[in-house]
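# A structural walkthrough
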Amino acid sequence: MKTTDVTALGELLIDFAQKDTNTFEANPGGAPCNVLAMLNKGGKKTAFIGKVGNDLFGNELKTVIEEIGIDTKGLIVSDTYRTTLAFVKFDETGDRDFAFYRNPGADMMLEESEIDPAVIENSKIFHFGTLSMTHEGVRQATKKAIEIAKQNKAIISFDPNLRPPLWNDLEEAKKQMKVGCSLCDFLKIEDEELKFMTETETFEEGVRYLKDHYDIKMILVTSGPKGARVYCNGHMVYKDAFLNRNTCDTTGAGDTFCGVCLSYLCDHDFEEFDEGLLEDMLTHANAAASIVTTRIGALRSMPTLEEVDQYIESYQMP
């Protein structure tokens with residue numbers, strides 16, 4: 001019996017979101033922990049593996065995720081490296097432009113020797129992205145964690161979450177995205193990321209490439225305001241996004257979406273996903289993502305399942 005539903009490895013950082021020309025608001029963030037925060041809202045048990053600095057930001061981040069209920073036994077607090085910072089600027093649609101202060105940042109300095117197998121061994125699902133694959137040391141730590149997860153028969157979940165400014169070479173980014181796809185059972189990927197990685201013109205061609213090259217049991221392709229698709233057990237299901245005129249910050253929308261889908265995977269085996277269950281999952285994932293776009297930040301802004309259900313019932317197209 002697994003005692004943890006989902007363990008995630010990766011970055012934990014501070015997002016400085018632009019409020020106006022001269023003001024940025026600090027919010028705790030980092031894609032893997034955003035996913036865990038949504039899972040916690042759904043009553044799932046979660047754990048995080050990563051590294052922050054022993055500084056103002058790192059200590060605040062540790063406090064926040066503990067308050068949310070995420071197990072921090074795998075979180076290393078470093079006296080040597082500073083916590084990674086991300087500055088996020090928005091356009092009029094709420095879309096983002098990132099600037100990272102991470103050279104080095106604590107998250108990219110996680111070492112293989114710092115991975116505690118006990119944090120992973122009792123987890124049903126292990127989740128990771130490519131920000132823990134940008135540099136050799138943390139890449140080896142990530143691979144060790146995945147190996148432990150596979151040895152203990154965990155489901156492997158991967159969200160590339162490509163951030164071009166963090167890569168010295170985008171060809172290396174593409175290579176590591178493909179490594180992630182070769183290791184995962186569950187993939188959540190944006191349509192533009194998919195086209196970039198597979199060098200195809202359309203996401204349909206990209207999905208065909210994935211099916212031809214990898215053995216991924218569930219593929220989710222998100223397209224922001226254009227909705228999302230899921231491919232599983234021979235089914236393809238599409239659901240429209242829940243557009244909201246109050247959208248102000250799309251940071252964490254994909255992580256929220258991913259968290260809802262992983263929550264369904266905690267409760268159902270892959271073989272159980274028929275069209276009806278896939279439709280229900282996409283509807284709830286899209287709705288939760290829509291709600292979080294109306295709030296600044298993500299880690300502390302995840303909706304409850306009750307909020308999501310109410311939103312679906314009351315939703316009217318803007």
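Residues numbered from 1 in each chain as written. Predicted model: local features only at pLDDT ≥ 70, side-chain atom pairs only at ≥ 80, totals over all residues. Heavy atoms only, no water.

### Re helix α7 (residues 203-213)
Because an α-helix completes one turn every 3.6 residues, residues spaced three or four positions apart along the sequence face the same direction. Considered for burial, the residues of α7 that qualify are Phe-203, Gly-206, Val-207, Tyr-209 and Leu-210. The buried residues of α7 occupy one face: seen down the axis, they fall within an arc of 155°. Facing away from the buried side of α7 by more than 90 degrees, the exposed set consists of Arg-208, Lys-211 and Asp-212. At its buried positions, α7 is contacted by α5 (170-183), β10 (186-190), α6 (191-198), β11 (218-222) and β12 (228-232). (Buried < 20%, exposed > 50% of the residue type's maximum accessible area, 1.4 Å probe, protein only. Helix = DSSP H or I, 4+ residues; strand = E, 2+ residues; numbered from the N terminus. Arc of directions from axis to C-beta. Contact = heavy atoms within 4.5 Å.)

### Overview of the sheet that holds strand β4 (residues 46-53)
Strand pairing in a sheet relies on backbone hydrogen bonds, with the paired strands running either antiparallel or parallel. Here we have nine strands laid out as an open sheet, ordered β5-β4-β1-β8-β9-β10-β11-β12-β13, and mixed in their pairing. Two strands bound the open sheet, and with one partner strand each, they are β5 (71-78) and β13 (235-239). When the angles between neighbouring strand axes are averaged without regard to direction, this sheet yields 15°. Pairing of strand β8 (residues 123-128) with strand β9 (residues 155-158) involves four bridges; the strand directions are parallel. In the strand pairing of β9, Phe-126 is matched with Ile-156. (Pairing = 2+ DSSP bridges. Axes fitted to C-alpha atoms, helices over the stretch in contact; angles between N-to-C directions.)

### Things to note about the side chain of Thr-4
As for its position among the elements, Thr-4 is in strand β1 (residues 4-9). On the basis of relative accessible area, Thr-4 is assigned to the buried category, the value being 15%. If we ignore the near neighbours within four places in the chain, the residues touching Thr-4 are Lys-45, Thr-46, Ala-47, Asn-122, Ser-123 and Lys-124.

### What to know about the pairing of β4
A regular strand carries its side chains on alternate faces of the sheet. Counting buried positions over the eight residues of β4 gives eight, a clear majority of the element. Across four bridges, the pairing between β1 and β4 is parallel. Residue pairing across strands places Thr-7 opposite Ala-47, the latter belonging to β4. As judged from the six bridges shared by β4 and β5, these two strands associate in the parallel manner.

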